[in-house]
Amino acid sequence: MPTTSAAKADQAYEVKQSPIHGNGVFARRHIEPGERIVEYKGERISWDEATERAEKAGGPVNHTFYFSLADGRVIDGGRRGNEARWINHACSPNCEAYEEDGRVYIHALHPIEPGQELNYNYALIYDERHTPALKKKFECRCGTPGCSGTMLAPKRRQKKKT
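Residues numbered from 1 in each chain as written. Predicted model: local features only at pLDDT ≥ 70, side-chain atom pairs only at ≥ 80, totals over all residues. Heavy atoms only, no water.

Draft legend 1. Up close: the pairing of strand β2 (residues 23–27). Buried residues dominate β2, accounting for four of its five residues. Relative to β2, strand β1 (residues 13–17) runs antiparallel, the two sharing five bridges. From the neighbouring strand, lysine 16 faces β2, where its bridge partner is glycine 24. In this antiparallel pair of consecutive strands, β1 and β2, the connection spans five residues, and glycine 22 shows a positive phi of 50 degrees. (Buried < 20%, exposed > 50% of the residue type's maximum accessible area, 1.4 Å probe, protein only. Helix = DSSP H or I, 4+ residues; strand = E, 2+ residues; numbered from the N terminus. Pairing = 2+ DSSP bridges.)

This is the structure:
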């Protein structure tokens, strides 16, 4: 169904060039805390398929529009996706992603004013050792206070066996 110009005018966000990285999603109007802003859409695939697609594209998995689901599948926002795929990472985000019945929605954590860029913490899980080279591949450019320098979730420390 095509989007009407009236529906576009009421839309809470717009995509434009980001000072953080590439495209970004920006508030067009005031957004209230807790407000559902957009659903993250795309083709649902297995992790095996996601890995295979990244390899075929010649790029690492960190340069994809993949969103992991609780059931082990992935939403590939690069295929049949929407504007939500352009929301950038931030270590101190103004939005959060929630999964509800296998669908992912982006909600505001705080009041967001017109012109502010929307962002959420990707907290990417990567099982291999977090070397300086790996952290560089997943470098964060958010510039928020407390920026960790990486989009990777902190590794869980192994408990010592007694």
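Draft legend 2. Broad picture of the nonpolar core. Ranked by size, the top nonpolar core spans 20 residues in total, and within it Ile31, Ile37, Ile87, Ile112 and Leu118 carry the most contacts. Those elements giving two or more residues to this core turn out to be β2, β3 (36–40) and β9 (103–108). Here leucine 118 is in contact with Tyr13, Val25, Phe26, Ala27, Ile31, Ile37, Ile87, Asn88, Asn94, Cys95 and Ile112, once residues within four sequence places are set aside. (Core = buried A, V, L, I, M, F, W, Y, C linked by side-chain atoms within 4.5 Å. Contact = heavy atoms within 4.5 Å.)

Draft legend 3. How the structure looks around the sheet that holds strand β4 (residues 43–45). The three strands are arranged β4-β6-β5 in an open sheet whose pairing can be described as antiparallel. The open sheet has two edge strands, β4 and β5 (66–68), and neither has a second partner. Adjacent strand axes in the sheet meet at a mean angle of 30 degrees, parallel and antiparallel pairs treated alike. Relative to strand β6 (residues 74–76), β5 is paired through three bridges, and the arrangement is antiparallel. If you follow phenylalanine 67 over to β6, its bridge partner there is isoleucine 75. (Axes fitted to C-alpha atoms, helices over the stretch in contact; angles between N-to-C directions.)

Draft legend 4. Spatial organisation of the sheet that holds strand β8 (residues 95–100). Overall, antiparallel pairing links the three strands, which are arranged β3-β9-β8 in an open sheet. The sheet is open, and its two edges are formed by β3 and β8, each paired on a single side. This sheet shows a mean twist of 30 degrees between the axes of neighbouring strands, independent of strand direction. Both β8 and β9 contribute to a ladder of six bridges, which runs antiparallel. Within β9, the position partnered with glutamate 99 by the bridge is valine 104.

Draft legend 5. Representation of the pattern of salt bridges within the structure. In total, this model carries nine salt bridges according to the counting rule given. In this structure, arginine 103 and glutamate 39 form a salt bridge, with 2.7 Å as the shortest nitrogen-oxygen distance. Of the two residues, arginine 103 is situated in strand β9 and glutamate 39 in strand β3; the sequence distance between them amounts to 64 residues. Note on glutamate 39: relative accessible area 12%, which makes it buried. For glutamate 49, the salt bridge is made with arginine 53, and the minimal N-O distance between the two is 3.0 Å. (Salt bridge = Lys/Arg side-chain N within 4 Å of Asp/Glu carboxyl O.)

All we've got here are geometric facts, nothing functional implied.
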